[in-house]
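Letter by letter, the chains look like this.
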There are 2 protein chains.
Amino acid sequence: MTTPTETPSTPSRSRKGPTRSEVSKAAILDAARDEMAENGWRGFSVDSVAKRASASKQTIYRWWPSIGAMCVDAALALIPDAPDGGRDPQERITALIIPLEAAARTGHGHAVLRVALLAAADDKEAGEVWRAWVGRDIRQPLRMLLAELAGKRVIRRDFELDDVLEQLLGPIFHRLTISRAPVKEGFCAEQATAFLRTYAAF
Amino acid sequence: MTTPTETPSTPSRSRKGPTRSEVSKAAILDAARDEMAENGWRGFSVDSVAKRASASKQTIYRWWPSIGAMCVDAALALIPDAPDGGRDPQERITALIIPLEAAARTGHGHAVLRVALLAAADDKEAGEVWRAWVGRDIRQPLRMLLAELAGKRVIRRDFELDDVLEQLLGPIFHRLTISRAPVKEGFCAEQATAFLRTYAAF
DNA sequence: TCCTTAACACGGAACGGTCAGTCTCGCCTA
DNA sequence: TAGGCGAGACTGACCGTTCCGTGTTAAGGA
């Protein structure tokens, strides 16, 4: 723990002293993305990030509980907000996951996302940060959408939410990590189509 | 590189001196699996494996070009041969991937496979070992099978082999790494069913 | 309103402990 | 006699923590 009473990522302002520098935080995240792309997860080092960002290691540990959590944060900053899906079921499902595709297709987003996923799978705090984001930005809206589609008899009712999530996210994560092939435009739309065919009513 | 002229994992027998000890190799792989399950990928250390196996680090580097490659080898040893799929297309596809499910459901196979996947995604040599195994045991037979099914008009012809592979492997890998949920019996059969519905002819 | 003072963030540097990868030793085996 | 083996030394790098000196901010008294 860095500060005993307060979560490091949400500093309180009801106290004396200077505020935490958002400039330092941004420099650290920038440096972290470069280091992630260059060195992978096991070769990633806090010392290098600190040196590259001209920051102190203590500043890093003030903001994040672990380096894995920092890596996930650095990657999440690359992911844009979900667009409006319109009315078509396929487009609405695609809209939920296409921000991942967009991030994977920009600059070294592919490598940064890979390291963040490795961190989330390997580091406790990083996994919590990642699953919190997925839960809020993907799983929860997906649950609402699937309930609506099931109600309209567009899809069957006998689905397991987490199985669907795995079917939608698994392929792109596999591509980012194991196969390392580029993520084609329209990749996520294909997953949405596949899901609808799998779970089509009747 | 450990030995300049010879691939470490395939020692030549056309020379003087003792053979490499398969007993030591087995002890190292056993110890590696325990360490993988306990410490994850970033926390995994060669020193610990050597000490646990009562082996010398030099022996480890004689057998494997990198620790990642050793982790992948340790996990591959848990994966049984594919069963005979019979005549049903769904069963034949399931048969290709169900060895992964079987391995994930035994002892600490879940954790060992997770670390092997992280190694394959993070370490160059480990990735090559992993992709070589997938290519030989899954991708190649899958290609033959899909060609046959397409010929019989069971599935459409406009598929990309690697996209199918990603759709079949992605979900179980996601479950092993990110969500860490147990792999239910029948999980792989569900993926095969989903694939057939997605690519059904007509 | 001004000024002191306490609290704390910052960069930088150092610490003890761990690890990777290489090397050397003495022993043993084919 | 070439070479595998366990054991251990070694260098350089890294982790997580701690300390330092400097600077910045808010609270509270004059």
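Residues numbered from 1 in each chain as written. Chains lettered and ligands numbered in written order. Predicted model: local features only at pLDDT ≥ 70, side-chain atom pairs only at ≥ 80, totals over all residues. Heavy atoms only, no water.

Enquirer: Please clarify how the pattern of salt bridges should be interpreted in this entry.
Expert: Pairs can form between side chains of opposite charge whenever their charged atoms are close. Going through the model one piece at a time under the given rule, you end up with 30 salt bridges over all chains. The residue Glu148(A) makes a salt bridge to Lys152(A) at a minimum N-O spacing of 2.9 Å. Looking at Lys152(A), the relative accessible area reads 53%, which means it is exposed. For Arg175(A), the salt bridge goes to Asp163(B), with nearest N and O atoms at 3.0 Å. Taken together, the residues span two chains, with Arg175(A) in helix α8 (residues 161-179) and Asp163(B) in helix α8 (residues 161-179). Exposure class is identical for Arg175(A) and Asp163(B). Each is buried. (Salt bridge = Lys/Arg side-chain N within 4 Å of Asp/Glu carboxyl O. Buried < 20%, exposed > 50% of the residue type's maximum accessible area, 1.4 Å probe, protein only. Helix = DSSP H or I, 4+ residues; strand = E, 2+ residues; numbered from the N terminus.)

Enquirer: Help me out: how do you make sense of the domain arrangement of chain A in this one?
Expert: How large an interface is tends to be reported as the accessible area lost when its parts come together. Residue and element names in this part refer to chain A. Here chain A is described as being made up of domain 1 (22-75) and domain 2 (81-198). A straight line from the C-alpha centre of domain 1 to that of domain 2 covers 26 Å. With 14 residues of domain 1 in contact, the opposing surface of domain 2 contributes 15 residues. Counting each side, the surface lost to burial between domain 1 and domain 2 is near 1200 Å², with a carbon and sulfur contribution of 80%. Interface area lost by domain 1 to domain 2 is led by Trp41, Val72 and Ala75, which between them contribute 46%. Between domain 1 and domain 2 we count 0 salt bridges in total. Among the elements of the structure, α1 (22-39) and α4 (67-76) are those that each provide at least two residues to the side of domain 1 that touches domain 2. Counted by class, the side of domain 1 that touches domain 2 contains 8 nonpolar, 3 polar and 3 charged residues. (Domains from an automatic or database assignment. Contact = heavy atoms within 4.5 Å. Buried area = accessible area lost by both parts, 1.4 Å probe. Nonpolar A, V, L, I, M, F, W, Y, C, P; charged D, E, K, R; others polar.)

Enquirer: Explain the interface of chain A and chain B here, please?
Expert: In this complex, chain A contributes 36 residues to the contact, which on the side of chain B involves 36 residues. Carbon and sulfur atoms supply 50% of the area that chain A and chain B bury against each other, a total of about 3100 Å² over both sides. When the area that chain A buries against chain B is broken down by residue, the three leading residues are Arg42(A), Glu166(A) and Ile178(A), summing to 26%. Linking chain A to chain B there are 6 salt bridges. The salt bridge partner of Lys184(B) is Asp163(A), with a shortest N-O separation of 2.7 Å. At the surface where chain A touches chain B, the tally comes to 25 residue pairs in polar contact (both at pLDDT 80 or more). Only α6 (109-122), α7 (124-151), α8 and α9 (187-198) of chain A provide two or more residues apiece to the side of chain A that touches chain B. No other element matches α8(A), which puts 13 residues into the side of chain A that touches chain B. Tallied by class, the residues present in the side of chain A that touches chain B amount to 14 nonpolar, 9 polar and 13 charged. (Polar contact = N/O pair within 3.5 Å; in protein donor to acceptor, adjacent residues only side chain to side chain.)

Enquirer: Looking at this structure, how should I read the protein's contact with DNA strand D?
Expert: Around DNA strand D, 26 residues are found, and the nearest of them are Ser45(A), Lys57(A), Ser21(B), Thr59(B) and Arg62(B). Among all atoms of DNA strand D positioned within 4 Å of the protein, those belonging to sugar or phosphate total 63%. A distance of 2.8 Å separates a phosphate oxygen of DNA strand D from a polar side-chain atom of Tyr61(A). Breaking the surface near DNA strand D down by element, the ones donating at least two residues are α2 (46-53) and α3 (57-63) of chain A together with α3 (57-63) of chain B. Residues of the surface near DNA strand D, tallied by class, amount to 7 nonpolar, 9 polar and 10 charged. (Near = heavy atom within 4 Å.)

Enquirer: So what exactly am I meant to see when it comes to α8(B) here?
Expert: The periodicity of an α-helix, 3.6 residues per turn, causes residues three or four positions apart to be oriented the same way. All names here are of chain B. With 19 residues, α8 ought to run about 27 Å at 1.5 Å a step, and its terminal C-alpha atoms sit 26 Å apart, in line with that. Counting buried residues along α8, 17 of its 19 residues qualify, which places the element largely inside the surrounding structure. Two residues or fewer after α8 comes Arg180, characterised by a positive phi angle close to 60°. (Expected span 1.5 Å × (residues − 1).)

Enquirer: Can you walk me through the relation of the copies chain A and chain B in this structure?
Expert: Mapping between the two chain copies consists of a rotation about an axis together with a translation along that axis. Taken as rigid bodies, chain A and chain B are interconverted by a rotation of 180° and an axial shift of 0.0 Å, the fit giving an RMSD of 0.1 Å. Taken together, the turn and the small shift mark the pair as related by a two-fold rotation axis. When each C-alpha of chain A is compared by its distance to the rotation axis, Gly170(A) comes out closest, at 2.0 Å. Both copies present the same face, since 100% of the interface residues in chain A are matched by interface residues at the equivalent positions in chain B. (Least-squares fit on C-alpha atoms with pLDDT ≥ 70 in both.)

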